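Examination of the molecular architecture
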Amino acid sequence: MSEAGQARPIVWTIAGSDSGGGAGIQADLLTFQNLGAHGCSAITATTAQNTLTVAAINAVSESALQSQLDALLTDLPPSALKIGLLANTAQVRVVASFLRVLRASGHQVPVVYDPVAVASSGVSMTEENTGAAVLSELLPLCDVLTPNRVELEWLVSSEIGSAGDILIAAQTLVETYEIALVATGGHFDIEPGTTADLLCVTTGSGISSDWLIGKKIDTRDTHGTGCTYSSAIAALLAQGYPLKDACVVANAYVRRGLRLGNSAHIGEGPGPVGHCGWPCTLQDFPEILVAGSERAKHYAAFDAAAAKTYAAEFAQLDSTRLGLYPVVETVAWIEKLAREGVRTLQLRIKNPGEDLREQIERAVAIGREFDLRLFINDYWQLAIECGAYGVHLGQEDLQAADLQAIQRAGLKLGISTHGFFEMLYAWQYRPSYLATGAIYATSTKDMSGQLQGLKKLARMAALLPDYPLVAIGGINVERAPDIVASGVGSIAVVTAITQAPDYQAAVAQLRAVIE
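Residues numbered from 1 in each chain as written. Predicted model: local features only at pLDDT ≥ 70, side-chain atom pairs only at ≥ 80, totals over all residues. Heavy atoms only, no water.

Attention now goes to the overall build of the protein chain. The helix and strand inventory of the protein chain stands at 19 helices and 18 strands. In terms of C-alpha radius of gyration, the protein chain reaches 25 Å, essentially the compact-globule figure of 24 Å for 515 residues. With the C-alpha coordinates aligned to their principal axes, the bounding extent of the protein chain is approximately 75 × 50 × 45 Å. Taken across its 515 residues, the protein chain has 53% of its residues classed as buried. Sequence-distant contacts in the protein chain: of pairs separated by 6 or more residues, those separated by 24 or more amount to 65%. Counting only carbon and sulfur atoms, one obtains 49% of the accessible surface of the protein chain, whose full area is about 21200 Å². Charged side chains of the protein chain number 35 positive and 52 negative; the gap between the two group centres comes to 6 Å. (Helix = DSSP H or I, 4+ residues; strand = E, 2+ residues; numbered from the N terminus. Rg over C-alpha atoms; globule rule 2.2 N^0.38 Å. Buried < 20%, exposed > 50% of the residue type's maximum accessible area, 1.4 Å probe, protein only. Contact = heavy atoms within 4.5 Å. Areas by Shrake-Rupley, 256 points an atom, 1.4 Å probe, with all protein chains shown as cover. Lys, Arg positive; Asp, Glu negative; His and termini not counted. Charge placed at Lys NZ, Arg CZ, Asp CG, Glu CD.)

Strand order in this closed barrel of eight strands is β11-β12-β13-β14-β15-β16-β17-β18, and the pairing throughout is parallel. On average, adjacent strands in this sheet sit at an angle of 25 degrees to one another, irrespective of strand direction. Of the strand pairs in this sheet, strand β11 (residues 323–328) and strand β12 (residues 344–347) are connected by two bridges, and their pairing is parallel. Bridge pairing in β12 places Val 327 opposite Gln 346. Of the strands in this sheet, β15 (412–417), β16 (433–436) and β17 (469–472) are in contact with helix α15 (residues 420–427), which crosses β15 at around 160 degrees. Its contacts with the sheet put helix α19 (residues 503–514) on β11 and β18 (490–493), and the angle it makes with β11 is roughly 140 degrees. (Pairing = 2+ DSSP bridges. Axes fitted to C-alpha atoms, helices over the stretch in contact; angles between N-to-C directions.)

This part covers the pattern of salt bridges. What the rule picks out here adds up to 17 salt bridges. We note a salt bridge from Glu 191 to Arg 295, for which the minimum N-O separation is 3.1 Å. Of the two residues, Glu 191 sits in the loop between β7 (180–183) and β8 (194–203) while Arg 295 sits in the loop between β10 (287–288) and α9 (304–307), which places them 104 residues apart along the sequence. Overall, Glu 191 belongs to the buried group, its relative accessible area being 12%. Between Arg 511 and Glu 515 there is a salt bridge; the shortest N-O distance is 3.3 Å. Each of Asp 318, Arg 343, Asp 371 and Arg 373 takes part in salt bridges that share partners, so that together they form one network. (Salt bridge = Lys/Arg side-chain N within 4 Å of Asp/Glu carboxyl O.)

Here we take up the packing of aromatic side chains. Applying the stated rule across the entire model yields 14 aromatic pairs. Aromatic rings pair up to connect Tyr 241, Trp 278, Phe 285 and Phe 420 into one cluster. It is Lys 456 that lies over the ring of Tyr 241; its NZ or CZ is 4.1 Å from the centre. Directly above the aromatic system of Tyr 440 lies the positively charged group of Arg 479, at a separation of 4.1 Å from the ring centroid. (Phe/Tyr/Trp six-rings, centres within 6.5 Å; stacked < 30°, edge-to-face > 60°. Lys NZ or Arg CZ within 6 Å of the ring centre and 35° of its normal.)

Before going further, it helps to spend a moment on unusual backbone geometry. With an omega of -5 degrees, the peptide bond running from Gly 437 to Ala 438 counts as cis. When you line up the elements, Ala 438 lands in the loop between β16 and α16 (453–463). At Ser 157, a position not held by glycine, the phi torsion is positive, near 55 degrees. Mapped onto the elements, Ser 157 comes out in the loop between α5 (149–156) and α6 (163–177).

So, on to the nonpolar core. A general trend in soluble globular proteins is that nonpolar side chains are found buried together. Formed by 102 residues in total, the largest nonpolar core has its most connected members in Ile 233, Leu 393, Leu 403, Ile 406, Phe 420, Leu 434 and Ile 497. Take this core: its biggest share by element is nine residues, from helix α8 (residues 243–260). Discounting residues that sit within four places of it in the chain, Leu 403 has contacts with Thr 309, Ala 311, Phe 314, Leu 393, Leu 398, Leu 413 and Tyr 429. With 52 residues, the next largest nonpolar core counts Val 94, Leu 102, Ala 163 and Leu 289 among its residues. (Core = buried A, V, L, I, M, F, W, Y, C linked by side-chain atoms within 4.5 Å.)

Glancing now at helix α11 (residues 356–370). Taking 1.5 Å per residue, 15 residues should reach 21 Å; α11 reaches 21 Å between its end C-alpha atoms and fits that length. Among the residues of α11, Leu 356, Gln 359, Ile 360, Ala 363, Val 364, Ile 366 and Gly 367 are the ones counted as buried. End-on, the buried residues of α11 take up no more than an arc of 160 degrees, which puts them together on one face. What points out from α11, more than 90 degrees from its buried face, is the exposed set Arg 368 and Glu 369. (Expected span 1.5 Å × (residues − 1). Arc of directions from axis to C-beta.)

With that settled, the discussion passes to the sheet that holds strand β4 (residues 80–83). Across the sheet, which stays open at both edges, the ten strands sit in the order β3-β2-β1-β4-β5-β6-β7-β8-β9-β10 with mixed pairing between neighbours. Whereas interior strands pair on both sides, the edge strands pair on one side only; in this sheet they are β3 (54–59) and β10. The pairing of strand β2 (residues 38–49) with β3 spans five bridges and is classified as antiparallel. In the strand pairing of β3, Ala 48 is matched with Ala 56.

Across the interface, helix α3 (residues 89–104) lies against helix α4 (residues 130–138) with an axial gap of 9 Å and an inter-helix angle of 10 degrees. When the axes of α3 and α4 are compared, the pair comes out roughly parallel. In this structure, α3 uses Thr 89, Val 92, Arg 93, Val 95, Ala 96, Leu 99 and Arg 100 to contact α4, whose residues at the interface are Thr 130, Ala 133, Val 134, Glu 137 and Leu 138. Among the residues making up the contact of α3 with α4, the classes are represented as seven nonpolar, two polar and three charged. (Parallel < 35°, antiparallel > 145°, perpendicular 65-115°, else oblique. Nonpolar A, V, L, I, M, F, W, Y, C, P; charged D, E, K, R; others polar.)

Next comes the structure, spelled out in structure tokens:
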């Protein structure tokens, strides 16, 4: 059973076997196990290799590959599927045909393809004519593509030398094949001393492109990083992680393996990347590039308009643990809860009227009278004009708000996040606090696609142990002890107080648990 008390999801790898144990299905199965999945394998080739060279690639027959896939499907259907080395055109067609049958039978599972073409030693891993079949038959059936530089050049039949080249090639593949893509950055040298992955996904407004940047790790033991990265994404997708979250956690898993996996005594050549468990420290996670920052100029991602309002390093709070944090819709509730001794509050007016300014002015006055940490949701201009303590913004609001004006006014800033990617993105602004949710389903809005749960909450809290973090979403008196145990220092509640039969009793109970 998994740590949540449920059976591990089943993830398949369709890939080659590395006799040296560092890449291929060996790396995939270690990754699946480390990240909470049960791994199954369909072997496409037995490679004769060690840490110095790939001596031979012995492709299995079409019937041998097909029989493995059929046997697994009968008893061990996948929750996600990773594809690695396909040694020839015939194998590409077998796998593509199998994926079509799988989808036709109702198995809609995410498919991650790591297009293994050339070994790090320079040895070609596939037959020369395989590329055409990959592009025409396999890519349209995949969901995520994870090429390195050599593989990206192979797929677009063009040399790639700059950040702009990477963006164009990646976006072309995403648009052409309606696929998500992560171009892994170990072979790129965009900014000295760093590595950068490019994550491209299709959204309702076009293609979203995000750079995931980290410090280069001084190690030669990098064998199997591509296999490990793609299989980590598959393992996380199988457990319900949104794609962007899966990619940043997979990035951190590989970086942790590079940092801690000392393979100095394994072979004479580059050793395998380590498999060192769940990434639990911030240093292993990537920085998400913000388009308005100066750094974005290195990555062909600079947005001059965004730069005019971009700011980071906001005013600090007087405590890293904010305690009970009610979010209410009226000024009357602000005053009632202030009189109960609640110190941290948020005014979230959903349907503003003509008296919006008056309401915010009254709330700010109450905040000063009771020495509150009072945050105004969304209306940052009025919050500045009325001299509010702080403002709270959602992810979308970050793009529209003048963060420089908020920073100049000395207001505290809180930002909503939903998962690892948004948390890391918001962290680049260094706000006064970060809120994460929804932890549980909530009646105030549909968050079904963004539920975090206790395990994710605890893992996110571990990344920023000395930073003000707020948990929100579906939290009540009964659930509060589990939230506190996660390590988060503040609990935001909406209906747990305002819809309680006795709000004063609810406040007292919640404060007793939290404080």
